[in-house]
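For reference, the chains in residue letters:
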Amino acid sequence: MEFPALLKRGATAGAAGGFSAALVMWLVVEPVIRRALAVEEARSGAHHHQEEPLVSRTVQVWGGAVTALVVGVIFGVVFTVAFARLRSRLPASTELGRSLVLAAIGFGVLTLLPALHIPANPPGIGEPATVNQRALIYVLTILLGLLGVGAVLAADRFLRGVMTDPVRVSLDVLVGALWVIALLMFVPESPDKVPADVPADLLWEFRLASLVQLAAMWLVVGVVFGLLVDGRSRRTRRVARSTA
Amino acid sequence: MTELSPATSATPLHVPTWAWALALVAVFALYLLTQENGALLSASNAMYLHELTHDARHALGVPCH
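Residue positions are counted from 1 within each chain, in the order its sequence is given. A letter from A marks each chain and a number from 1 marks each ligand, given out in the order of writing. Given that this is a predicted model, residues contribute local features only at a pLDDT of at least 70 and side-chain atom pairs are listed and counted only at 80 or more, while totals for whole chains, interfaces and linings are drawn from all residues. For the side-chain quantities, the full set of heavy atoms in the structure was used; hydrogens and water were omitted.

1. Re the interface of chain A and chain B
(1) Moving on: Counting from both sides, the interface comprises 54 residues of chain A and, opposite them, 43 residues of chain B.
(2) Moving on: For any pair of parts, buried area is found by adding up, for both, the accessible area (1.4 Å probe) each one loses once the two are put together. In total, about 4,000 Å² of surface goes out of reach between chain A and chain B, with carbon and sulfur atoms giving 69% of it.
(3) Moving on: For this analysis, a salt bridge means a side-chain nitrogen from Lys or Arg found within 4 Å of a carboxyl oxygen belonging to Asp or Glu. Across the contact surface, chain A and chain B share one salt bridge.
(4) Moving on: One salt bridge in this structure joins R57(A) and D55(B), with 2.9 Å as the shortest N-O distance.
(5) Moving on: Distance and chemistry together define a polar contact, namely a pair of N or O atoms within 3.5 Å, with one atom able to donate a hydrogen and the other to accept it when in protein, and with adjacent residues in sequence counting only for side-chain atoms on both sides. Linking chain A to chain B there are seven residue pairs in polar contact (both at pLDDT 80 or more).
(6) Moving on: Broken down by secondary-structure element, the contributors of at least two residues to the side of chain A that touches chain B are α1 (3-42), α2 (57-86), α3 (95-117), α4 (131-159) and α6 (200-243) of chain A.
(7) Moving on: Segments assigned H or I by DSSP are reported as helices when at least four residues long, segments assigned E as strands when at least two residues long, and all are numbered from the N terminus. In terms of residue count, α2(A) provides more of the side of chain A that touches chain B than any other element does, 17 residues in total.
(8) Moving on: Here the term charged refers only to Asp, Glu, Lys and Arg, the term nonpolar to Ala, Val, Leu, Ile, Met, Phe, Trp, Tyr, Cys and Pro, and the term polar to all other amino acids, Gly among them. When the residues that make up the side of chain A that touches chain B are grouped by side-chain class, the tally is 32 nonpolar, twelve polar and ten charged. When checking whether two residues touch, look at their non-hydrogen atoms; a contact exists if any pair is within 4.5 Å.

In structure tokens:
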């Protein structure tokens, strides 16, 4: 399959993933955000608040949904490039399998890893003064995670032929695990403290809801991309061959 | 279990240069939507973008205030 055809499928899968994310956000995340905003409002005088909000809550909910959708398409595009490049290294025998493996890697490195190190917070927790520092930690976590994938791939290539497959795969897993442990230990943590008036269950539910939303996105991207690439490729090739 | 059809044999697909450029643009757009807090845009524009994408930033787990 030529790249433009692949990209079309990737963008479609991304849109489907983004739509699922927006749906989950509306159903699961927004109710928790509303609870967090109530906590924030109950906090009197502790924080300076703008008299008139720049953007109304309604616009924020819609803006959030549209953002989730657009982010899905963006992930679809990048997913396509990664899939094209890494195709031969993804341990599966079908395109659907490879797509699902890549989605699992994406979820692990781009979602789960930052969620473990610098987890999502509902409104009313982040300190505005530290937002750039937290953004740096977040990006650093992801970049080092991607580097970890490179390290595992390099280890895998190095060990191929040197030892039996089960030993090689086990060592790959070990390299990945050690990388994640080192990353979680040595990358600086968020400087923010969770205020005492934020209930623990609210925090936990928000983080879980955030993970569910992102998991939905990755799952749908992986499945839809895999199905589109797996099924259609044969059909278009047959047509191409008969017209050639 | 290995696929015998050449269409499903696992070789890397060629990624044209424009596609790499597109991926870069996509990542930049992702930055604007989720991370921009005044590094590139003026403070008021950045604040507006931040508020507009606010809920998604929280939900996607990106640092926000």
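2. Some remarks on the packing of α3(A) against α4(A)
Residues and elements named next belong to chain A.
(1) Moving on: Interaxial angle, 0 to 180 degrees, is taken between N-to-C directions of lines fitted to C-alpha atoms, where a helix line uses only the stretch in contact. One way to put it is that α3 packs onto α4 with a least axis distance of 9 Å and a crossing angle of 140°. Taken together, the axis directions place α3 and α4 in an arrangement best described as oblique. The interaxial crossing formed by α3 with α4 has right-handed handedness. Touching I105, V109, L110, L113, P114 and H117 of α3 are I137, Y138, T141, I142, G145, L146 and V149, all from α4.
(2) Moving on: Per-class residue counts for the contact of α3 with α4 are ten nonpolar, three polar and no charged. Here the word oblique covers every angle except those under 35 degrees (roughly parallel), over 145 (roughly antiparallel) and from 65 to 115 (roughly perpendicular). What makes a crossing left-handed is the near helix being turned counterclockwise from the far one by less than a right angle; a clockwise turn instead makes it right-handed.

3. Points about the environment of A84(A)
(1) Moving on: Structurally, the position occupied by A84(A) is in helix α2.
(2) Moving on: Classification of A84(A) as buried rests on a relative accessible area of 0%.
(3) Moving on: For the pair A84(A) and L6(A), spaced 78 residues apart in sequence, the C-alpha separation works out to 8.4 Å.
(4) Moving on: Here A84(A) is in contact with F3(A), L6(A), P12(B), L13(B) and V15(B), once residues within four sequence places are set aside. Relative accessible area decides the class of each residue, using a 1.4 Å probe on protein chains only: under 20% of the type maximum gives buried, over 50% gives exposed, and in between gives partly exposed.

4. Overview of the pattern of salt bridges
Residue and element names in this part refer to chain A.
(1) Moving on: Under the defined criterion, the tally for this structure stands at twelve salt bridges over all chains.
(2) Moving on: In this structure, D201 and R35 form a salt bridge, with 3.5 Å as the shortest nitrogen-oxygen distance. Taken together, the residues D201 in helix α6 and R35 in helix α1 connect sequence positions 166 residues apart.
(3) Moving on: Note on R35: relative accessible area 34%, which makes it partly exposed.

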